[in-house]
Amino acid sequence: MIVKKDGTREEFSREKVLRGLVRACEKRPVPLEVLENVVNDIEKELRSCGQAEIPSNDVGEKVMERLYHVDEVAYVRFASVYRQFKDINVFMKELEELLAQARGSQSSLPND
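Report follows, based on the coordinates. Every value quoted in this text rests on a predicted model; they were computed, and no experiment measured them.

Observations regarding the environment of D87
Then, number 1: Along the chain, D87 falls in the loop between α4 (72-82) and α5 (88-107).
Then, number 2: Taking the C-alpha atoms as reference points, D87 and R19, 68 residues apart in sequence, are found 25 Å from one another.

What follows is the structure, encoded as structure tokens:
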């Protein structure tokens, strides 16, 4: 069961997670098969954790973690809806963190 922010509970819906991913990846070069694999991984992880109830925040964070590695633009789109950015400053902070992570991963690559 997924425990939503308002305390209500609902069954995990892989279709709902997939719809959110598809929406975030609209007009992006991400095959549906990749998104289905993301949903499969998340569902498998949730089922194997041994908890009967999972906070919806945990599901959202797992989606964002995987989406970051799939497509950064889709990640920002999903994050903007999921985290409900209140203003441009919060949105810019998230983008700056994303850029810093990207720079960090580039600097760890060996030089040719």
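Re the packing of aromatic side chains
Then, number 1: The full count for this structure, using the stated rule, is 1 aromatic pair.
Then, number 2: The interplanar angle of 80° and the centroid separation of 5.3 Å between the aromatic rings of Y68 and Y75 together place this pair among those described as edge-to-face.
Then, number 3: On the basis of relative accessibility, which here comes to 16%, the residue Y68 falls in the buried class.
Then, number 4: Since its relative accessible area comes to 10%, Y75 is described here as buried.

Section: the pattern of salt bridges
Then, number 1: For the coordinates displayed, the defined rule picks out 8 salt bridges.
Then, number 2: Linking E53 and R9 is a salt bridge whose minimum nitrogen-to-oxygen distance equals 2.6 Å. With E53 in the loop between α2 (32-48) and β3 (54-55) and R9 in strand β2 (residues 9-10), the pair connects residues that are 44 residues apart, well separated along the chain.
Then, number 3: Looking at R9, the relative accessible area reads 46%, which means it is partly exposed.
Then, number 4: What you see here is one network of salt bridges that share partners, running through K4, E10 and K16.

Quick word on the packing of α2 against helix α3 (residues 56-70)
Then, number 1: Between α2 and α3, the shortest axis-to-axis distance is 10 Å and the interhelical angle comes to 145°. In terms of crossing hand, the pair formed by α2 and α3 is right-handed. Taking contact as the criterion, the partners of V34, V38, D41, I42, E45 and L46 in α2 are, on α3, V59, K62, V63, R66 and V70.
Then, number 2: A class-by-class count of the residues in the contact of α2 with α3 yields 7 nonpolar, no polar and 4 charged.

Conventions we followed
- Residues numbered from 1 in each chain as written.
- Predicted model: local features only at pLDDT ≥ 70, side-chain atom pairs only at ≥ 80, totals over all residues.
- Heavy atoms only, no water.
- Helix = DSSP H or I, 4+ residues; strand = E, 2+ residues; numbered from the N terminus.
- Phe/Tyr/Trp six-rings, centres within 6.5 Å; stacked < 30°, edge-to-face > 60°.
- Buried < 20%, exposed > 50% of the residue type's maximum accessible area, 1.4 Å probe, protein only.
- Salt bridge = Lys/Arg side-chain N within 4 Å of Asp/Glu carboxyl O.
- Axes fitted to C-alpha atoms, helices over the stretch in contact; angles between N-to-C directions.
- Left-handed = near helix turned anticlockwise from the far one by under 90°.
- Contact = heavy atoms within 4.5 Å.
- Nonpolar A, V, L, I, M, F, W, Y, C, P; charged D, E, K, R; others polar.

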